[in-house]
Amino acid sequence: MEALLNPRYPFDPSFEAGALPAYWVSPRHLAGDDGRLCDVVADSLAGLGWVSLTAVRGRRDFDELGDHHVVRSTVLHISPDALRWAQWVLADEPFHLGGLPVAWQVSARSDTTSLLADWSAYFTPGVPGEAITEFLLALDQCSQPTTLYDGPELVLAAAAGNGWLRDADQPHAAAMHPTFTARLSLGEVPPLIQDADPSVLTAEGDGQGAMGWQAWAEPAMGAPYLWAASFSASVPHRLVAAFASSLSDTAPVLRRVLPESTRDQILCAPAN
C-alpha cells in the first residue's frame, strides 16, 4: 500500500500525480516506485528506441455496473536488434516473488533465430524505477547481452562502493544496507525463474540448484517485503552490478507517493 507524502491529500489512485507536491527522498531502496513503475520504465525504453507492442489475451473484468471489458494483458518492449525485450506483466496474473506479483520481466537471447530467452530478470512493484532503468540501460548498451565474462565481485563492489556492508558469513556472495532493510544475495534461484542453461534444470549432488542474484527490501524483520527482484543464473554480473549501483546510490530520488510501510524510515525534503 502506498500513501501520499502530503497527508492533506487523501489516498486516491485516480488523483493526478503531477498535481502533488514533490519531495527528495532517501534511502532509495525504501522510496518505492512512486506508483509509476510501468510508465517510468516504458518511457526509458522508448527513449532507447525500443518498440512497444500490446498483447490482449481476452481476459475480462467487470466494472461496478456489471459491464465487462477487455483488460490489457501484456505490454512488450523489443530492442532494435530483437535480442532483448521487457514485458509489463502485472495485469497478466504473473507468479510471485516474496509474496509480491512480478511487474516487469526482462529477457535476452544471443541469436534472433532462438525462440527462447537465454536469461530473464524479474521485478515486483515497489522496486525503484531508477534501478530498473539503469539495468535496462546497461543491457541496451551491451553488445553481447548473454555473455558472462565478469564475476560476482563486480556486483558486491558496486553496492559496497555506496556504503553497503558485505555479509560477514558470505562476504563473496551477499551485501546489505547498513540498516539491514535491503539485501543483495547470490543464491539458489526461486522456482519458475527462466534460464536456458541446461544445468539450471539439474541440481548438484548436494541438492543445490542454480545460483542467481536475488534482491529484496524488508522494512522490518519479519515484515512483508516492500519489493523483490530475481535474476536467473545466466544474467551477466555486469548488468546486475548496474542495478546494484543504482539501488544503493545515496543520492535522493524524486517522489510524490511513498509506501506506507517505510514512511517512518525515510528522509524527505521539499523539491521546490
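This section reports on the structure supplied with the text. Quick caveat: nothing in here was measured; it's all calculated off a predicted structure.

Describing the sheet that holds strand β19 (residues 267–270)
At step 1: Pairing within the open sheet is antiparallel, and its three strands lie in the order β17-β2-β19. Each edge of the open sheet is held by one strand with a lone partner, namely β17 (253–255) and β19. Neighbouring strand axes in the sheet, compared pairwise and without regard to direction, differ in orientation by 40° on average.
At step 2: Two strands pair when backbone bridges link them, and strand β2 (residues 23–26) and β17 are joined in this way by three bridges, in the antiparallel orientation. Counted as the bridge partner of V25 is V253 from β17.

Remarks on the pairing of strand β10 (residues 104–108)
At step 1: With five of five residues buried, β10 is to be regarded as a mostly interior element.
At step 2: The two faces of β10 match: W104, V106 and A108 on one face and Q105 and S107 on the other face are all buried.

Observations regarding the pairing of strand β16 (residues 227–231)
At step 1: Most of β16 sits out of view: five of its five residues are buried.
At step 2: Of the two faces of β16, the one lined by W227, A229 and F231 and the one lined by A228 and S230 are each fully buried.
At step 3: Here three bridges tie strand β11 (residues 119–123) to β16, and the two strands are oriented antiparallel to one another. Following the sheet pairing, A121 is matched in β16 by F231.
At step 4: With four bridges connecting them, strand β15 (residues 211–217) and β16 associate as antiparallel partners. Directly across from Q214, in β16, lies its bridge partner S230.

Some points on the sheet that holds strand β13 (residues 174–176)
At step 1: With respect to topology, ten strands assemble into an open sheet ordered β3-β6-β7-β10-β11-β16-β15-β14-β13-β12, the strand pairing being antiparallel. Both edges of this open sheet fall to β3 (51–55) and β12 (165–166), since each of them pairs with a single strand only.
At step 2: In the sheet, β3 pairs with strand β6 (residues 74–78) via five bridges, with the strands oriented antiparallel. Across the sheet, residue L53 finds its bridge partner in β6, namely L76.
At step 3: This element, helix α4 (residues 237–247), spans β11, β14 (182–188), β15 and β16 of the sheet and lies at about 160° to β16.

With respect to the nonpolar core
At step 1: Formed by 54 residues in total, the largest nonpolar core has its most connected members in F123, F135, L136, F231 and F243.
At step 2: When residues in this core are grouped by element, the largest group, seven residues, is from α4.
At step 3: In contact with F123, not counting residues within four places along its chain, are V102, A103, W104, V106, I132, F135, A228, A229, F231 and F243.
At step 4: With eight residues, the next largest nonpolar core counts L97, V102, Y122 and A228 among its residues.

Thoughts on the packing of aromatic side chains
At step 1: Inspection of the entire model under this criterion finds nine aromatic pairs.
At step 2: Here W88 and W104 contribute two aromatic rings whose centre-to-centre distance is 5.4 Å and whose plane-to-plane angle is 65°, an arrangement assigned as edge-to-face. Of the two residues, W88 is situated in strand β7 (residues 84–88) and W104 in strand β10; the sequence distance between them amounts to 16 residues. Across the pair, exposure class does not vary: W88 and W104 are buried alike.
At step 3: Where F123 meets F231, the ring centres are 5.6 Å apart and the plane angle is 80°; that geometry is what we call edge-to-face. In this pair, F123 sits in strand β11 while F231 sits in strand β16, placing the two residues 108 residues apart along the sequence.
At step 4: On the basis of relative accessibility, which here comes to 1%, the residue F231 falls in the buried class.
At step 5: Each residue in the set W119, F123, F135, F231 and F243 is aromatic and connected to the rest through ring pairs, giving one cluster.

Calculation rules
Residues numbered from 1 in each chain as written. Predicted model: local features only at pLDDT ≥ 70, side-chain atom pairs only at ≥ 80, totals over all residues. Heavy atoms only, no water. Pairing = 2+ DSSP bridges. Helix = DSSP H or I, 4+ residues; strand = E, 2+ residues; numbered from the N terminus. Axes fitted to C-alpha atoms, helices over the stretch in contact; angles between N-to-C directions. Buried < 20%, exposed > 50% of the residue type's maximum accessible area, 1.4 Å probe, protein only. Contact = heavy atoms within 4.5 Å. Core = buried A, V, L, I, M, F, W, Y, C linked by side-chain atoms within 4.5 Å. Phe/Tyr/Trp six-rings, centres within 6.5 Å; stacked < 30°, edge-to-face > 60°.

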